[in-house]
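# Examining the three-dimensional arrangement
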Amino acid sequence: MGKEIAEQPDAVRSTLLDRRRRDGTIVFDELRISDQELREVKRVVLVACGTSHHAAQVAKYAIERWARLSVDVDIASEYRYRDPIVEIGTLVIGVSQSGETIDTIQATREAQRRGARVVAISNIVDSSLAREADAVLYTRAGLEVSVASTKAFVAQVAALELLALRLAQLRETLAPEEIDRLLEGLHGVSGHIATALERRADVDLVAGQLLEAHDYFFLGRHVGFPTALEGALKLKELTYLHAEGYAAGELKHGPLALIEPGVIVVAVTTDAHMHEKILSNVAEVKARGATVIAVATDEDDQIDAVADFVLRVPSTEPMFTPMIDIVPLQLLAYSLARGLGRNVDRPRNLAKTVTVE
C-alpha cells in the first residue's frame, strides 16, 4: 500500500497523457458513441461501489458545473433492484478499478437493457466492464494490489473530470479558453500530490498522538464531502476503528450528539468558497470537546485558531482538491494502522475485487 500511495503522481500523470489532439479535442481510449449522441445527453447516472463510488460523487459536482447536466450517483448494488428510470438521452458511467466488480457490471447491463449508453472508467484493459461498454476511459494507474485502494481513486477522479470537460466541450457550456485553463490545472495536480506526499512526516507525528482514540468523524463540504467519505473508509479498512464521513452541514441533524471529549474530527477545509461554513462547523465540534485535525491549504491563516492539528496541502482549482486532500487522509490511516499493528496490505474480511453478490 505504501508503494501505491507513492505512485499516485504517476497514476494521475499517466491517466492524463495524450488525451488531447492538436485541435483541442479531448479523446477517449475506445469510443463507440458518436459526438452527436454525447452532445444530446440529457442526464448522467454514475454507478459504482466503495472507493469508486466516492470518485463518482466527486464527478457529479464536476459534470454538473462544467457540462450543465443533471447527475445522479447510485450505489451499483442498489441500482438494478429499484426499477431505475432510464430516459432517452441517459448516459450511464460505470466506475470500477478492476472492471470486474459484479454489482457495477450488473448495473451497467441493466442500464443498457433499458436503452442507456454506457461509458466505463476502468484500470484494467479489456476488463468485462470495458468490453461491454460503449466507450472506455482507462485510468492507467498501473496494477493496484493493495486491498485498500489509493492510486485508483485519484486516477478515477482525474479520468472522470476529463470526461466532464469533454462533455462541456461538446455541449459548448465552457469556452475553449476555460477548458484549456482547466486542463492545464488538471495536469498540474500530479505535482501537488507529490508535494503532499513529501509532508508525510507531519502526518506521522499527528498519528503518533492518536493511537488511543477510537472514534473518528470526517467532515467536508462540496467536493470535500466525498473526500471525507473516502478518508473515513480508508481508516475503517486499515485500523478497524469506528469512522464516519459526513457532510459538515448535517452535523446539527444528529451527529453532533455523538461529539464529546476523546472523539477525533477530521475536517477537509480546503474549499475557499465554503471556508467560512466549514470553520463554523469545526468551531461547533471543538466547543464540545472534540480533537480536530484539519486538512488545509498552505495559504489558510485562520485554521490554526480552531484546529488542534493542521495537515497542509497545496491549493488548486476547487474541483481538483479531492485528488490532493485525500493524500494526508490516506497517510493518516496508513500510519495509524501501522502504529496499531495492523496488516495494511491484508485488511481482515476484505478482498481486492468483489466478484460475487
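Quick summary incoming for the structure in this document.

Calculation rules
Residues numbered from 1 in each chain as written. Predicted model: local features only at pLDDT ≥ 70, side-chain atom pairs only at ≥ 80, totals over all residues. Heavy atoms only, no water. Helix = DSSP H or I, 4+ residues; strand = E, 2+ residues; numbered from the N terminus. Rg over C-alpha atoms; globule rule 2.2 N^0.38 Å. Buried < 20%, exposed > 50% of the residue type's maximum accessible area, 1.4 Å probe, protein only. Contact = heavy atoms within 4.5 Å. Areas by Shrake-Rupley, 256 points an atom, 1.4 Å probe, with all protein chains shown as cover. Pairing = 2+ DSSP bridges. Axes fitted to C-alpha atoms, helices over the stretch in contact; angles between N-to-C directions. Core = buried A, V, L, I, M, F, W, Y, C linked by side-chain atoms within 4.5 Å. Right-handed = clockwise from strand over helix to strand, strands pointing away.

### A word on the overall build of the protein chain
- Check the secondary structure of the protein chain and you find 14 helices and eleven strands.
- Over its C-alpha atoms the protein chain spans a radius of gyration of 20 Å, differing by no more than 12% from the 21 Å that the globule rule assigns to 357 residues.
- Counting only C-alpha atoms, the protein chain reaches 55 × 45 × 40 Å along its principal axes.
- Residues counted as buried form 58% of the 357 residues belonging to the protein chain.
- Put simply, 76% of the contacts in the protein chain that link residues at least 6 apart link residues at least 24 apart.
- Accessible area of the protein chain: about 14600 Å², with a carbon and sulfur share of 48%.

### Side note on the sheet that holds strand β9 (residues 264–268)
- Ordered in space as β8-β7-β9-β10-β11, the five strands form an open sheet in which the pairing is parallel. Either end of the sheet is taken by a strand with one partner, and the two such strands are β8 (242–247) and β11 (309–313). Neighbour-to-neighbour, the strand axes of the sheet open up by a mean angle of 20°, direction not taken into account.

### With respect to the sheet that holds strand β6 (residues 135–138)
- Strand order across the open sheet formed by six strands is β1-β6-β5-β4-β2-β3, with mixed pairing between neighbours. This sheet does not close on itself; its edge strands, each paired only once, are β1 (30–31) and β3 (70–75).
- Sheet topology note: the β1/β6 ladder contains two bridges and is antiparallel. If you follow L31 over to β6, its bridge partner there is A135.

### Some words on unusual backbone geometry
- A positive phi angle is found at R68, which is not glycine, with a value near 55°.
- For R68, a relative accessible area of 57% gives the class exposed.
- We note that R140 has phi near 55°; this positive angle belongs to a residue other than glycine.
- Take R140: it is sitting in the loop between β6 and α8 (151–171).
- The partly exposed category is assigned to R140, whose relative accessible area is 31%.

### Things to note about the nonpolar core
- One finds L46, I63, W66, I93 and Y216 to be the most contacted residues of the largest nonpolar core, which totals 88 residues.
- Looking at this core element by element, the count peaks at 13 residues for α8.
- Non-local contacts of W66, meaning those with residues more than four positions away in its chain, are made with E161, A164, L165, A168, T173, L174, L182, M319 and F320.
- In terms of nonpolar packing, the next biggest core, distinct from the first, is built from 20 residues, L251, V263, A267 and I278 among them.

### Side note on the pairing of strand β7 (residues 215–220)
- The buried fraction of β7 is high, at five of six residues.
- In this fold, the crossover linking β7 to β8 by way of helix α12 (residues 224–239) has right-handed handedness.
- Relative to β9, β7 is paired through four bridges, and the arrangement is parallel. In the sheet register, F217 faces β9, and the bridge partner there is V265.

### Some remarks on the environment of L329
- Along the chain, L329 turns up in helix α14 (residues 321–339).
- Since its relative accessible area comes to 1%, L329 is described here as buried.
- For L329 and V203, which are 126 residues apart along the polypeptide, the C-alpha to C-alpha distance reads 8.6 Å.

### Brief notes about the pairing of strand β4 (residues 90–96)
- For β4, the tally of buried residues reaches seven of seven residues, placing the bulk of the element in the interior.
- Every second residue of β4 is oriented toward a common face, with T90, V92, G94 and S96 on one face and L91, I93 and V95 on the other, all of them buried.
- Where strand β2 (residues 43–48) and β4 come together, six bridges link them in parallel fashion. Pairing of L46 across the sheet is with I93, part of β4.
- For β4 and strand β5 (residues 117–122), the ladder comprises six bridges, and the chain directions are parallel. From the neighbouring strand, I93 faces β5, where its bridge partner is V119.
- Assessed by its sense of winding, the connection that carries the chain from β4 through helix α6 (residues 102–113) to β5 is right-handed.

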